[in-house]
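One letter stands for each residue in the lines below.
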Amino acid sequence: MKNIIYLIILAALSIFINQYFASRGVFPIDSFLIFDSAYNIISGNHPFKDYWLITGPFVDYIQSLFFLIFGISWTSYILHASFINMAFTLFSFYFFLNIGLKNFYAFIYSLGIAILAYPSIGTPFIDHHSVIFCIMACFSVSLAILSKKKLFWILSPIFITFSFFSKQIPSPYFMVLFAVIIFLYYYNTKNVKKNILLNLFFGGFISLFLVVGVFLINEIPVKNFLVQYILYPFSLGEERIDKLNIDFKNLIIQFKYIYIVLIPLVISTFFLTKIKKKDLVKKDNFIVSLLFLGLVAILIYCQLLTKNQVLIFFLIPISAAFSHAYAIKYLNNKYLIYFILAIFIYSTVKYHVRFNQHRKFIELANVDFSLAEDAALLDNRLRGLKWITPHYPDKPMDEINFLIHAKNVLSQERKEKIIITDYQFFSSLLENKFASPNKWYDNLSIPDKKNKYYYAHKDFFLDKIKKNKIKYLFFIGKDKNKIYFFKEFFDENKCIVSNQFNELLLSFDISKCKLM
């Protein structure tokens, strides 16, 4: 009965916390990343086929389901992220119970996850999905080893697949770690039965069936997928690895609380290396601790590689829960437990204030939130969002007025058009049937001129313009038209006529051009 009460509280709080903080300002390029792409899918436009995509399509497809079920609105948009936050929180609670924590401690650590996991951004986001599903895969593998239940062997490759199709990393690194752990599990226990491998293959088959089904039903070209999702991003990854800056501040200082709460787990793992061969329970705990420590190393490395705002601080409650459970089993020191709890509580409050209250992840740390406006002024489907962005932090109403003007101009233009913007909700609000050839536009999503996939992207972009007989390109936001790809496009087609409507809205009439 007590567990049911805990589950109800965790479910309610994990949804409420995310719904609340998700509506506390936006950073357009990140906050609206999935909005129009989900609408595109509903409209029959699919990733890789109809728009260039270098990030995972899984988030887009799941959001399209939320829009179909609950309607296209801000509330149904952030409900997707809240649902993932809830699922992750409840699975964590179940996992913590199974590694030996008492109900109350499993509850408070899970509550820390509910606070720190998704609310840092609040809206559906590829990085959060990929990391969360990778951690859930780690939990699933661990539960399979500890509980011997075949369901968790089946779920593990499914979670890995969800992670990979949310974003390319960290799942490939985790797959390597997973393979090493399976080998160690067999070597240490001589207990890997055929049905374990069969269950893994069955989970892999389900994953493959889902992926192939989506590709076949929507007629997505495999070549497009390979270029956009594998080959081009891999070329970016090579550049980032070459430029990776690992110094004391980046590697140690910013993740210090993760390292500190891991100390008891590391000590326990060291002691577990000396276990007797016949003690299978301790061997299983040793394997599980190695798996988690390996995952932490992978996630820190991937965080450094992406060079984005840090999102993995929710590893602190997970690491604290692990250390707590292992300290009880193998170190038996109550003061160590107090230490773990103190670090967990302090760091959870610290990062809650920084990332949820002050919205640092979406660049709003220095914003006066009392200036925020009701986004329903822009469109009723955005009701519930308190509009303030890093672009107009002191005058959010000016930004809203520019966007209302843009909306009115676009609604009156009946000719074929595409919308190029970080405010990726205009296609949804205007029911524009033509997907922009790129999911979003920046110096990463569009290949650099020196990149070997530059012309693959250029051909894809022009093909979509010609195929859909596009007459107008509308840019909403500052400087998108100054990206090198567009500057070259305009230089090659002198017939293009531009028109500046307001500070944010710029149009290019290409109706008289034979595009090159």
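Scroll up a little and you will see the structure.
None of the values given here were measured: they were computed from a predicted structure.

A few words now on the sheet that holds strand S5 (residues 497-500). Strand pairing in a sheet relies on backbone hydrogen bonds, with the paired strands running either antiparallel or parallel. Read from one edge to the other, the open sheet built from four strands follows the order S3-S4-S6-S5, with strand pairing classed as mixed. Edge positions in the sheet fall to strand S3 (417-421) and S5, since each of these pairs with one other strand and no more. Here the strands of the sheet are splayed against their neighbours by 20° on average, with no regard to which way each runs.

With that settled, consider the nonpolar core. Core analysis: the biggest nonpolar cluster contains 153 residues, and Phe96, Ile318, Trp387 and Phe425 have the highest contact counts within it. Among the elements that line this core, the one with the most residues is helix H7 (residues 126-147), at 14 residues. Not counting residues within four places of it along the chain, the set of residues in contact with phenylalanine 425 comprises Phe32, Phe35, Asp36, Leu378, Leu382, Trp387 and Leu403. Ile418, Ile446, Ile510 and Leu515 belong to the second-largest nonpolar core, a separate cluster that totals 23 residues.

It is worth spelling out the environment of phenylalanine 35 at this point. Structurally, phenylalanine 35 is set in helix H3 (residues 35-42). Residue phenylalanine 35 is classed as buried on the basis of its relative accessible area of 0%. Sequence spacing of phenylalanine 35 and proline 124 is 89 residues, and the spatial spacing of their C-alpha atoms is 8.7 Å. Not counting residues up to four positions away in its chain, the partners in contact with phenylalanine 35 are Phe67, Ile72, Ser73, Trp74, Tyr77, Gln424, Phe425 and Ser428.

A few words on the packing of aromatic side chains. Counting across every chain of the model gives 76 aromatic pairs. Where phenylalanine 88 meets phenylalanine 314, the ring centres are 5.8 Å apart and the plane angle is 80°; that geometry is what we call edge-to-face. Residue phenylalanine 88 is located in helix H5 (residues 74-98), and its partner phenylalanine 314 is located in the loop between helix H14 (280-306) and helix H15 (315-330); the two are separated by 226 residues in the primary sequence. Residue phenylalanine 88 is classed as buried on the basis of its relative accessible area, which comes to 0%. Taking relative accessible area as the criterion, phenylalanine 314 reaches 0% and is therefore assigned buried. Taking the centre distance of 6.4 Å and the plane angle of 25° together, the rings of phenylalanine 133 and phenylalanine 159 count as stacked. Placement of phenylalanine 133 in helix H7 and of phenylalanine 159 in helix H8 (residues 150-164) is noted, with a sequence separation of 26 residues between them.

Volume-wise, the largest pocket comes out at about 1200 Å³. Taken together, 41 residues make up the lining of the largest pocket; nearest its centre are Lys167, Leu236, Arg240, Thr306 and Leu444. Those elements that place two or more of their residues in the lining of the largest pocket are helix H2 (28-31), H7, helix H9 (171-189), helix H11 (222-242) and H14. The biggest single contributor to the lining of the largest pocket is H11, with eleven residues. Its residues assigned to classes, the lining of the largest pocket shows 21 nonpolar, eight polar and twelve charged.

For the rest of this paragraph, the subject is the pattern of salt bridges. Note on pairing: side chains with opposite charge can pair once their charged atoms come close. Summed over all chains, the structure comprises 13 salt bridges. A salt bridge links aspartate 127 to lysine 167; its shortest N-O distance comes to 2.6 Å. In this pair, aspartate 127 sits in helix H7 while lysine 167 sits in the loop between H8 and H9, placing the two residues 40 residues apart along the sequence. Just as aspartate 127 is buried, lysine 167 falls in that class too.

Structurally, the position occupied by aspartate 368 is in the loop between helix H16 (334-357) and strand S1 (373-374). Between the C-alpha atoms of aspartate 368 and aspartate 394, which are 26 residues apart in sequence, the distance is 7.7 Å. A polar side-chain atom of aspartate 368 sits 2.6 Å from a polar atom in the side chain of serine 370.

Thresholds, definitions, all that
- Residues numbered from 1 in each chain as written.
- Predicted model: local features only at pLDDT ≥ 70, side-chain atom pairs only at ≥ 80, totals over all residues.
- Heavy atoms only, no water.
- Pairing = 2+ DSSP bridges.
- Helix = DSSP H or I, 4+ residues; strand = E, 2+ residues; numbered from the N terminus.
- Axes fitted to C-alpha atoms, helices over the stretch in contact; angles between N-to-C directions.
- Core = buried A, V, L, I, M, F, W, Y, C linked by side-chain atoms within 4.5 Å.
- Buried < 20%, exposed > 50% of the residue type's maximum accessible area, 1.4 Å probe, protein only.
- Contact = heavy atoms within 4.5 Å.
- Phe/Tyr/Trp six-rings, centres within 6.5 Å; stacked < 30°, edge-to-face > 60°.
- 1 Å grid on protein atoms, 1.4 Å probe; cavity = no way out; pocket = protein on both sides within 12 Å on 5 of 7 lines; lining within 4 Å.
- Points joined across faces, edges and corners; volume = space filled by probe spheres on them.
- Nonpolar A, V, L, I, M, F, W, Y, C, P; charged D, E, K, R; others polar.
- Salt bridge = Lys/Arg side-chain N within 4 Å of Asp/Glu carboxyl O.
- Polar contact = N/O pair within 3.5 Å; in protein donor to acceptor, adjacent residues only side chain to side chain.

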